[in-house]
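For reference, the chains in residue letters:
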Amino acid sequence: MNTQKLSLILRISLSTLILSTFSHISHADIEQISEESLTPDFSPIRSLKNLQSLKNLKARQETQTPFVQELNNALKVRTLFVETHDLPIVDIQLTFNAGSAQDETLGQGLFGTANMAAKLMLEGTDQYTAKQINNTFESLGAKVNVSAHRDMFIVRLRVLSEPEKLNAALNLLLHVIQKSNFNHSGLNLVISNTKLGQKQVQENPSRLMNIRFYRALYGQHPYAEPSVGTHASIRKISPELLQQFRNQLLVAQNSNIAITGDLSASQATEISNLIVQALPQGSAAQAIAEPTESNDFNISFIPHQSSQAYITMGHLGISRNHPDRVALEVANRIFGGSSFNSILSKELRVKRGLTYSASSMLTTTQVAGVFSLSYSTQQDKLMESIQVAHQSLANFITQPITQQQLNETKEGMLYAYPMTFSSNANINAQIAAIAFYGLPTDYLNTYQKKINSLSLNQLQSAIKKHLHADKLTIVIVANTLDQDELKRTLNQNLNPNTTQ
């Protein structure tokens with residue numbers, strides 16, 4: 001190979017390397033890299049000179065959030081809309097205040113009613129079988145999903161924006177919501193599958209721990225029981241009960257609507273009016289009562305023979321629309337919500353090798369949600385790991401956060417924030433939550449501004465106000481547990497100068 005050809009190959013290879021390395025640089029910056037700079041010349045002075053444009057890169061700016069419009073409809077049902085024409089698709093979500101927290105609206109002990117209604121809604125009406133419903137949606141290029149959660153009963157439709165397909169899919173969906181017959185055969189099948197799933201839960205220590213945790217934390221509150229119900233409760237559910245649930249709770253005045261996609265505001269308003277007029281008007285569900293907070297340690301032990309012990313601890317948190325929510329999300333990310341880089345993970349995993357993974361979570365709902373941490377460890381490391389985890393939480397509450405920790409956490413959250421609305425479906429889910437929890441239409445924009453402006457004093461104040469190391473509900477799945485020793489350990493963490 002001659003020298004000229006070899007030189008050309010080297011220059012092309014180096015050019016490709018530089019362009020791939022600095023692919024995030026603007027087109028103008030790339031043009032400033034002259035042909036001469038692509039010649040293999042590794043002089044430090046020249047390299048620095050050619051990279052001076054990096055100093056002029058703009059600092060990260062606030063992400064442009066979707067513009068959320070509030071639409072008016074005939075029955076004053078809150079409807080939020082985001083117009084986007086990138087794809088010829090429309091996402092529609094109907095969110096009813098009819099999650100499992102409303103299961104006992106129709107009678108005591110009817111846990112699992114909302115979940116059962118969601119699973120059976122597409123299983124047939126008085127006019128169509130489940131197969132006909134499914135085939136019709138498929139022929140229209142539409143996808144439908146129905147689900148029940150603690151707070152919400154959700155019906156989602158994704159369909160092409162072509163009017164004929166959109167109108168046909170929406171009309172069929174509204175027919176299904178109003179006319180599902182919740183037939184006995186489908187109900188028996190779901191009950192059978194639910195019983196099988198509950199049997200598997202008994203063999204899964206992590207899921208068993210989570211169920212016990214919510215029961216211990218919430219007591220008699222509607223959030224206490226699992227959304228799928230229990231062995232005893234699901235046997236009480238009948239087609240007639242599910243129809244009563246639908247007629248009372250899946251109504252216009254107990255709903256919110258979110259629409260995102262290839263529509264104008266006037267078209268979205270027409271859809272909103274069609275939905276609210278097709279549904280029975282009804283009335284809003286009763287507000288959920290606030291749960292009662294524990295004032296001491298509440299320890300639950302589940303005997304389970306395994307090489308691993310499973311631990312979760314936490315307490316009641318805040319509601320979804322609480323003004324300190326952003327500050328606590330930042331705090332949670334610093335403490336245990338950012339994987340291996342969090343304080344909790346460093347203390348348990350990196351420094352001591354007590355677990356492979358440890359994390360904390362902040363769950364916010366209509367009323368007080370949950371702040372919790374969880375992990376698993378070897379049986380012989382159980383007490384040591386609890387001491388370390390609890391001490392880490394106690395120290396986090398009392399010791400100051402550094403400005404560097406705050407800055408790094410805020411940057412990480414803000415850089416990840418665009419993923420919140422990276423697709424039409426994500427956008428629609430976000431605005432549906434905004435509508436359901438009574439948040440302002442500009443919430444997506446103000447959220448990142450609140451993160452940006454959060455100060456150390458605001459963060460520290462929220463931590464001390466809302467996080468508690470002295471009144472934790474703790475659930476442990478292990479071979480054995482000395483609860484007296486555990487209580488001594490926890491109290492010693494809180495009062496290190498006290499001799500016990």
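Quantities reported herein were computed from a predicted structural model and do not represent experimental measurements.

Engineer: Explain the overall build of the chain here, please?
Structural biologist: On a plain count of helices and strands, the chain comes out with 19 helices and 11 strands. In the chain, 81% of the contacts between residues at least 6 apart in sequence involve partners at least 24 apart. Accessible area of the chain: about 24700 Å², with a carbon and sulfur share of 50%.

Engineer: What exactly am I supposed to notice about the nonpolar core here?
Structural biologist: Considering soluble globular proteins, one finds that nonpolar side chains tend to be buried as a cluster. Core analysis: the biggest nonpolar cluster contains 67 residues, and I386, L459 and I476 have the highest contact counts within it. Sorting elements by how many residues they give to this core places helix α14 (residues 382–398) first, with 8 residues. Ranked by size, the runner-up nonpolar core spans 55 residues in total, among them L174, L241, L250 and I257.

Engineer: Got a minute to help me understand the sheet that holds strand β6 (residues 255–261) in this structure?
Structural biologist: Whether parallel or antiparallel, the strands of a sheet pair through hydrogen bonds between backbone atoms. Read from one edge to the other, the open sheet built from 6 strands follows the order β1-β2-β6-β3-β5-β4, with strand pairing classed as mixed. The open sheet has two free edges, formed respectively by β1 (69–71) and β4 (143–148), since each of these has just one partner strand. Each strand axis lies, on average, 15° off the axis of its neighbour in the sheet, ignoring direction. Of the strand pairs in this sheet, strand β3 (residues 89–96) and strand β5 (residues 153–160) are connected by 8 bridges, and their pairing is antiparallel. Bridging across to β5, D91 finds its partner in R158.

Engineer: When you look at the pattern of salt bridges in this model, what are you seeing that I'm missing?
Structural biologist: Two side chains of opposite charge can pair, provided their charged atoms sit close to one another. Here the structure, examined in full by the defined rule, presents 8 salt bridges. Note that D91 and R158 form a salt bridge whose closest N and O atoms lie 2.9 Å from each other. Of the two residues, D91 sits in strand β3 while R158 sits in strand β5, which places them 67 residues apart along the sequence. On the basis of relative accessible area, D91 is assigned to the buried category, the value being 7%. Close ionic contact of K351 with E347 constitutes a salt bridge, the shortest N to O distance being 2.8 Å. Overlapping salt bridges bring together E347, K351 and R352 as one network.

Engineer: Sorry, what's going on with the packing of helix α5 (residues 130–139) against helix α6 (residues 163–179) here?
Structural biologist: Helix packing for two helices is described by the angle between their axes and how far apart those axes are. Viewed as axis vectors pointing N to C, α5 and α6 meet at an angle of 160°, and their least axial separation amounts to 10 Å. It follows from the interaxial angle that α5 and α6 lie roughly antiparallel. Seen from above, α5 lies across α6 with left-handed handedness. The segment α5 lies against α6, with I133, T136, F137 and S139 engaging K165, A169, L172, L173 and V176.

Engineer: Explain the pairing of strand β2 (residues 79–83) here, please?
Structural biologist: One face of the sheet, then the other: side chains in a regular strand alternate in exactly this way. In terms of burial, β2 is largely enclosed, as 4 of its 5 residues are buried. As paired strands, β1 and β2 are joined by 3 bridges and run antiparallel to one another. Within the sheet, the bridge partner assigned to E70 lies in β2 and is L80.

Engineer: Quick question: what am I supposed to make of unusual backbone geometry here?
Structural biologist: Trans is the prevailing form of peptide bonds, just as negative phi is the prevailing case for residues other than glycine. A positive phi angle, close to 60°, is found at K76, a residue other than glycine. As for its placement among the helices and strands, K76 is situated in the loop between β1 and β2. For F182, which is not a glycine, the phi torsion comes out positive at approximately 45°. Looking at the secondary structure, you find F182 in the loop between α6 and α7 (184–202).

Engineer: In this structure, what is going on with the environment of M383? I would like to understand it.
Structural biologist: Residue position: M383 is located in helix α14. In the structure, M383 is positioned 102 residues away from E485 in sequence and 8.7 Å away in space, judged by C-alpha atoms. If we ignore the near neighbours within four places in the chain, the residues touching M383 are L481, E485, L486 and T489.

Engineer: Help me out: how do you make sense of the sheet that holds strand β10 (residues 370–378) in this one?
Structural biologist: Across the sheet, 5 strands lie side by side as β7-β11-β8-β10-β9; this open sheet has mixed pairing. Either end of the sheet is taken by a strand with one partner, and the two such strands are β7 (298–303) and β9 (358–363). Averaged over all pairs of adjacent strands, the angle between their axes in this sheet comes to 15°, without regard to strand direction. Contacting β8 (308–316), β10 and β11 (473–478), α14 runs over the sheet at an angle of about 150° to β10.

Engineer: Whenever I open this one, the packing of aromatic side chains confuses me. Can you help?
Structural biologist: Any two aromatic rings considered together are summarised by their centre-to-centre distance and by the angle between their planes. Under the criterion given, the structure shown has 12 aromatic pairs. Aromatic pair F153 and F245: ring centres 6.0 Å apart, planes at 55°, arrangement tilted. Here F245 lies in helix α10 (residues 239–249) and F153 lies in strand β5, a separation of 92 residues in the sequence. Under the relative-accessibility criterion, F153 is labelled buried at 0%.

Engineer: I'm lost on the side chain of S360 in this one. Help?
Structural biologist: Assignment of secondary structure puts S360 in strand β9. A relative accessible area of 7% places S360 in the buried class. In this structure the side chain of S360 is engaged in a polar contact, spanning 2.6 Å, whose partner is the side chain of N332. When sequence neighbours within four positions are dropped, the list of residues in contact with S360 reads N332, F335, G336, G337, L344, F371, S372 and L373.

Rules and cut-offs
- Residues numbered from 1 in each chain as written.
- Predicted model: local features only at pLDDT ≥ 70, side-chain atom pairs only at ≥ 80, totals over all residues.
- Heavy atoms only, no water.
- Helix = DSSP H or I, 4+ residues; strand = E, 2+ residues; numbered from the N terminus.
- Contact = heavy atoms within 4.5 Å.
- Areas by Shrake-Rupley, 256 points an atom, 1.4 Å probe, with all protein chains shown as cover.
- Core = buried A, V, L, I, M, F, W, Y, C linked by side-chain atoms within 4.5 Å.
- Buried < 20%, exposed > 50% of the residue type's maximum accessible area, 1.4 Å probe, protein only.
- Pairing = 2+ DSSP bridges.
- Axes fitted to C-alpha atoms, helices over the stretch in contact; angles between N-to-C directions.
- Salt bridge = Lys/Arg side-chain N within 4 Å of Asp/Glu carboxyl O.
- Parallel < 35°, antiparallel > 145°, perpendicular 65-115°, else oblique.
- Left-handed = near helix turned anticlockwise from the far one by under 90°.
- Phe/Tyr/Trp six-rings, centres within 6.5 Å; stacked < 30°, edge-to-face > 60°.
- Polar contact = N/O pair within 3.5 Å; in protein donor to acceptor, adjacent residues only side chain to side chain.

What is shown is where atoms sit, not what they do.
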